[in-house]
Structures are given as structure tokens and as C-alpha cells.
Amino acid sequence: MRPLRPADVMAAARALLSAPSDARPELMRRMMVEADLADSYRRRLGRAHGVWGNGTLASAALVRPLAAWKKPDDSDLLECLALVTDALLVRDRIGHPLAQDMQRRTVGSSSSRAEAMSSPQSAQ
């Protein structure tokens, strides 16, 4: 993912606001993965990805419905901003296992998060 700007955080929060509250954590994870994949695509091919954009979190958020702007003290907006901030802090603290986690889910591996440090092949 490209370096963050305030617009990235706000776009992600507005995308989260438009989703049901129970779907927001998964949506946040997907936006971060999509931003990473789009950034890799951009670096490799020299152009923006056709769906996810240029590798910014905002470009991954802007392909989704965005909620109307709310007052900065709106509790729902603050919860969405906290979710964005928490996801970014976790990413910075532990690296970015989200793309690998998404790949494991897509491929269908049954490895748990605790076992994510070792490959499924090493257990065979």
C-alpha cells in the first residue's frame, strides 16, 4: 500500500460507514489487501489497477459506496475511524499478514492464525 494521507483514512471510514457494522472489520481487511495488490500491480506494470486503483487506501475505498459526511463527533464515524486506525496500527506492528491470510482463505487452507508462521507443507 502506498503511504497514507488523511484522505485515505477518511475515505476508508466513509466506506465502512456505508456497510453494516458487523461487516466492517472484513471490509477494512479487504480494502487493505486490495490497496496492497493494486500497489504491487502499479509498481510492476507502471499503471493503476483497473478496479482497485493506484495502491492507496482511498482508491480501494472509493470503488465502494461512501456514506455522506457526518459531523466529526458522530459516534458511528468515530467507531469507523477507530477501526481504520486499529487496522493500520496492527499492520505496522506485525507487518502485513492480511494478504497472506486472504490468500489462505481463498485457497482453502485450514491453517489457523497461530500456525500461520509455518507453511502447510512443513506440517506434512
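Residues numbered from 1 in each chain as written. Predicted model: local features only at pLDDT ≥ 70, side-chain atom pairs only at ≥ 80, totals over all residues. Heavy atoms only, no water.

*Asks:* Could you clarify how one ought to interpret the overall build of the protein in this entry?
*Replies:* When helices and strands are counted, the protein shows five helices and zero strands. Along the protein, from the amino end to the carboxyl end, the secondary structure elements read α-α-α-α-α. Within the span of the protein, comprising 124 residues, buried residues form 35% of the whole. By sequence separation, contacts in the protein at least 24 residues apart represent 70% of the contacts at least 6 residues apart. (Helix = DSSP H or I, 4+ residues; strand = E, 2+ residues; numbered from the N terminus. Buried < 20%, exposed > 50% of the residue type's maximum accessible area, 1.4 Å probe, protein only. Contact = heavy atoms within 4.5 Å.)

*Asks:* How should the nonpolar core be read in this particular structure?
*Replies:* Side chains that are nonpolar tend, in soluble globular proteins, to be buried together. Counting residues in each nonpolar core, the largest one holds 24 residues, and the members touching the most others are Leu16, Met28, Met31, Met32, Leu57 and Val84. Among the secondary structure elements, those contributing two or more residues to this core are helix H1 (6-17), helix H2 (24-45), helix H3 (57-61) and helix H4 (75-94). Ignoring sequence-local partners within four residues, the contact set of Met28 consists of Ala12, Leu16, Leu57, Leu83, Val84 and Ala87. (Core = buried A, V, L, I, M, F, W, Y, C linked by side-chain atoms within 4.5 Å.)

*Asks:* Looking at this model, I keep getting lost on H4. Mind explaining?
*Replies:* A turn of α-helix holds 3.6 residues, and therefore any two residues three or four places apart point the same way. Taking 1.5 Å of rise per residue, the 20 residues of H4 would be expected to cover 28 Å, and the 28 Å separating its terminal C-alpha atoms lies within 8% of that figure. Here the buried face of H4 lies against H1, H2 and H3. (Expected span 1.5 Å × (residues − 1).)

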